[in-house]
Amino acid sequence: MTVKKCLDAKVSAGKITKEQADEAMKIIERFRKEHEIHAGPDGAEAIAAVMTAKELKEQATKAQQQAALTIMATYRNLGWSAKHKEGWYAGVSAIFARDIWGKAKHTNVEVRQKVVRAHLHSMFESGIDAFRTKMGGLKGSDIIGLQRFVRELYGEGTGDAAAGAHARDWTETTEYAVDRFNAAGGNIRNKKDWRLPQRTNQRVVAKDADGYRAFLYSAFAEGRLRIRDFETGLTASPKQAKQIIDGAVESIRTDGLADLTPGAVGGKKLANRRNDPRAFEWTSADAWLEHNNKWGDGDAGIYGLLTDHMEGMARDIGLLEVLGPNPDHMARVLIDTARKNGVGDFKAYSLQAIYDQVSGRSRIPVSELLANWANGVRAWLTSAQLGSAPISSVTDFATMRATSLWNAIPPTKVMSRYLSIMNPANAADRKAMVRSGLIADGWTRIAQSAHREQADVVGPGLPGKIADFVMRASGLAAHTEAGRWAFGKEFQGMMADHAGKSFSKLPDELKRTFETYGVTEKDWNIAREHGVLKEEGIAFLDPAYLARQGGEKFQAGTKIHEAILTEMDFAIPMPGARERAILVGQTRPGTLVGEMVRFGTQYKTFPVTMMTTHLMRGLSSIQAGDRGAYLAGTALGMTVMGAFALQIKEVIKGKDPKNMLDGKFWAAAFVQGGGAGIVGDFLYSGVSRTGKDWFSTLVGPGAALADDVRLLTLGNIGELGRDENTNMGRELTRFLRSYTPGSNLWYSRLAVDRMMWDQLQTLIDPQYPQAFARMRSRALKESNQDFYWKPGQALPDRGPQLTQ
């Protein structure tokens, strides 16, 4: 009996459906072509049938796994949401992101994504460090090393031992990611032959789609490109390959629009989505490098491909592990259930906005052209205006101290570790931080330190690279990274110090933290027995190492790792999904409204972060009976550091420090310490620190830039038409001073102002003496301050008056 007759008989008997029979025959036909199997008495058709049965069984097993994981995720997440003491809105939001009420004893998508990213970074630490940009971004990625790395991945011996080691680490890292993805319900096949991600430049393909299509046809015909059928994973026939190539080129050319079906809703579930990119496989390093250079990101973009792949896998794994194989559907179920339980429209909107952040949807532009332009402008503003941000960031020392005490960590040890990491000679220490699972975001993301100041990330391109350089040159990047790593490493060390104690004997503060993040006595016993390592004779508890051992160790290590990474966001306040959702809602980049919102909220994330972290923790502590001790202690520490920041700001403007006996000073110090330093300026003047009015300041630096461009162009043209004094020279100088990248670096700002910008103003502004006199008069009138380095003078008269 032929296979077809056998299948028809099973359909007639009702054992399988007609659709299942047709699917089996399709797979059989493909197996026949792939393996040159023909029907006949030699039993070859039976071999095809056996192979088909195996394929169908694997598909059924994966479908069963996904169904079971979906059921468990639904039961678990609905249960967590219903049990939250603050209600359904708090319950659902605490599944998507950090619970600001501190009452959810379980994981969330956002922190799980961070943990996975930390694991991947720790496994590929040597490669990340070797290939990242250095010297503040002036030294680019090691192109020769990256090329050799690619060749080693394809089995070509280059004689470069380091490249070979990096290739082995990468393979181990990506296989770990795939295994974890599949264990969570994902469906990635062809793991064995996969080596590298690939990215095609849509703009390049859009300009020459026919050329790209011809390139792929030729590569397939010559054996440089292997194309697999989506459904079976087998090598495609020439006819199938042509169809797949044509569809891929059209999809890339139209930026995905060709994939849309009018009226269709949704698409593949996340668990199955990552199989598609593995349809194309380059068979040699030369083939991969040629495609990348002609149609991709080029050799200089290889490092970005690696880090973006780890970022994307971490995002997807976090979604799958918490929300199940179809996270989008699970999110809708949770939000709809919350609505049925009394959550109103505004809060439901907020829940969707938070989910959009953790799922990555909020970063997908509607118009890539508009999004890239707007992101470039924001990056440019960052490079021109945040050079003195490290001065405001001294308040981090107060939050580091408060968070250390909250977790029973000696603040002096954290500070000592911070100073050690800041030492440029201690590169080995910084690598050790990444190996121990503390995430290398500063090594893998453009202008990472600037992310704490704005609602959207600073993207790639020239403006992003300039912003990255300025942030590094200012010291903000090093300070942010060192503060986070110092706290995290001392947290690990403190737990190792207590490894000899049972759960009941731990410090009360540490037990409270463990209970907050669901770490049980059993988890602690597993961790202290199996997770403590030694590095140069110093013991620390490595949760990433513990989690990679699997089983109960995975659960214990993951919970402790989530606790460490979340508390790091308290020590050095960093905005997360919730904070960004508060500021940008469900708006998308690449839309007019979305970009206006992102311009308006630039530099405003830090105050929001302070409210969702330390303020909420303080309020929860009051409910727990501490009578405001946490809030008072934190506020006092931040006010003192805010006062220090205010005085330093005055000195780097060329002024004497303010009178600290003035009540307005301490009010401004209080506000400065809380992250809303811009309000502190308003306590002294009706204009902001940039010289713009309140409205321009509140609506964001983008609006201020547009207003400055208007005044410089149309404003002066109008004044000329009315035969009025244009003040063109003064306004041009102010514009250049405000928008030249790096011009306000805190350690060079005053010298640049006096020796370059003021001197330029004296050349092109006929009324420069009156302008400089007004600056001095205003300072004396508003705060009784004088300049020790007066505007317009090439050298200072004296040093700053430090006592009054």
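Residues numbered from 1 in each chain as written. Predicted model: local features only at pLDDT ≥ 70, side-chain atom pairs only at ≥ 80, totals over all residues. Heavy atoms only, no water.

## Some thoughts on the overall build of the protein
Per the secondary structure count, the protein includes 39 helices and four strands. Considering the protein as a whole, with its 804 residues, one finds that 51% of them fall into the buried category. Across the protein, the fraction of contacts at a sequence separation of at least 24, relative to all contacts at a separation of at least 6, is 70%. Summing over all exposed atoms, the protein offers an accessible surface of approximately 36,200 Å²; the carbon and sulfur share of this is 59%. (Helix = DSSP H or I, 4+ residues; strand = E, 2+ residues; numbered from the N terminus. Buried < 20%, exposed > 50% of the residue type's maximum accessible area, 1.4 Å probe, protein only. Contact = heavy atoms within 4.5 Å. Areas by Shrake-Rupley, 256 points an atom, 1.4 Å probe, with all protein chains shown as cover.)

## Regarding the environment of Ala165
Tracing the sequence through the fold places Ala165 in helix H8 (residues 161-183). C-alpha separation for the pair Ala165 and Phe124, spaced 41 residues apart in sequence, amounts to 10.0 Å.

## Some points on the nonpolar core
Of all hydrophobic cores here, the largest spans 119 residues; its most connected members are Phe96, Phe149 and Leu323. Looking at this core, the element that brings in the most residues is helix H14 (residues 302-323), giving twelve residues. Filtering out sequence-adjacent residues up to four positions away, Leu323 remains in contact with Ala73, Arg76, Asn77, Ile95, Phe96, Val109, Met330, Leu334 and Tyr355. Core analysis: the next-biggest nonpolar cluster, separate from the first, contains nine residues, Val377, Leu381, Ala704 and Phe735 among them. (Core = buried A, V, L, I, M, F, W, Y, C linked by side-chain atoms within 4.5 Å.)

## Regarding the side chain of His121
Within the secondary structure layout, His121 lies in helix H5 (residues 109-123). Once you skip the residues sitting within four places of it in the chain, His121 turns out to touch Ile128, Met310, Val434, Ile439, Ala440, Asp441 and Thr444.

## Some words on unusual backbone geometry
A positive phi angle, near 60°, is found at Arg627, a position not held by glycine. Even without glycine at this site, Asn784 takes up a positive phi of about 55°. By secondary structure assignment, the location of Asn784 is in the segment after helix H39 (768-783). With relative accessibility at 61%, the residue Asn784 sits in the exposed group.

## Side note on helix H20 (residues 411-422)
The terminal C-alpha atoms of H20, which comprises twelve residues, lie 17 Å apart, in line with the 16 Å expected from a rise of 1.5 Å per residue. Listed as buried for H20 are Val414, Tyr418 and Ile421. End-on view of H20: buried residues confined to an arc of 70°, all on one side of the axis. Looking at H20, the residues exposed on the side facing more than 90 degrees away from the buried face are Thr412 and Leu419. Of the surrounding secondary structure, the elements contacted by the buried residues of H20 are helix H19 (396-406), helix H21 (427-435) and helix H24 (476-497). (Expected span 1.5 Å × (residues − 1). Arc of directions from axis to C-beta.)

## Points about the packing of helix H4 (residues 88-96) against helix H15 (residues 327-340)
Where H4 contacts H15, the axes come no closer than 9 Å and their chain directions differ by 165°. As the angle between them shows, H4 and H15 are arranged roughly antiparallel. Classified by chirality, the crossing of H15 by H4 is left-handed. Residues Trp88, Val92, Ile95 and Phe96 of H4 touch H15, and the partners they reach there are Ala331, Leu334, Ile335, Thr337 and Ala338. A breakdown of the residues in the contact of H4 with H15 according to their chemical character gives eight nonpolar, one polar and no charged. (Axes fitted to C-alpha atoms, helices over the stretch in contact; angles between N-to-C directions. Parallel < 35°, antiparallel > 145°, perpendicular 65-115°, else oblique. Left-handed = near helix turned anticlockwise from the far one by under 90°. Nonpolar A, V, L, I, M, F, W, Y, C, P; charged D, E, K, R; others polar.)

## Some details on the packing of aromatic side chains
Throughout the structure, instances matching the rule amount to 18 aromatic pairs. Ring centres of Phe735 and Tyr739 lie 4.9 Å apart, and the angle between their planes is 55°; this geometry places the pair in the tilted category. Within this pair, Phe735 and its partner Tyr739 are both found in helix H37 (residues 728-739), separated by four residues, close to a single helical turn. Look at Tyr739 and you get buried, because its relative accessible area is 9%. (Phe/Tyr/Trp six-rings, centres within 6.5 Å; stacked < 30°, edge-to-face > 60°.)

## With respect to the pattern of salt bridges
With the rule as written, the count across this model stands at 51 salt bridges. Notably, a salt bridge pairs Asp308 with Arg199, separated by 2.9 Å at the nearest N-O pair. Placement of the pair is Asp308 in helix H14 and Arg199 in the loop between H8 and helix H9 (202-207), with a sequence separation of 109 residues. By relative accessible area, Asp308 is classed as partly exposed at 39%. Using a relative accessible area of 30% as the deciding quantity, one classes Arg199 as partly exposed. Each of Arg737, Arg749, Asp753, Arg754 and Asp758 takes part in a single network of salt bridges with overlapping partners. (Salt bridge = Lys/Arg side-chain N within 4 Å of Asp/Glu carboxyl O.)

## Structural notes on a nonpolar patch on the surface
A cluster of nonpolar residues, Met611, Leu615, Leu619 and Ile622, forms a patch on the protein surface that exposes about 330 Å² of accessible area. Of note, Leu619 is situated in helix H31 (residues 605-623). (Patch = residues over 30% accessible without salt bridge, like charges linked within 9 Å, V, L, I, M, F, W, Y side chains within 5 Å.)

## Considerations on the packing of helix H17 (residues 368-385) against helix H30 (residues 592-600)
Axis separation between H17 and H30 bottoms out at 10 Å; the angle between their running directions is 10°. It follows from the interaxial angle that H17 and H30 lie roughly parallel. Listed contacts from H30 to Leu370, Ala371, Ala374, Val377, Arg378 and Leu381 of H17 are Leu592, Glu595, Arg598 and Phe599. A class-by-class count of the residues in the contact of H17 with H30 yields seven nonpolar, no polar and three charged.

## Let's talk about the pairing of strand E3 (residues 532-535)
As judged from the four bridges shared by E3 and strand E4 (residues 538-541), these two strands associate in the antiparallel manner. Opposite Val532, over in E4, you have Leu541 as the bridge partner. (Pairing = 2+ DSSP bridges.)

## Some points on H37
Under the 1.5 Å per step criterion, the end-to-end length of H37 is 16 Å for twelve residues, consistent within 8% with the ideal 16 Å. Among all positions of H37, only Gly729, Arg730, Glu731, Thr733, Phe735 and Tyr739 are buried.

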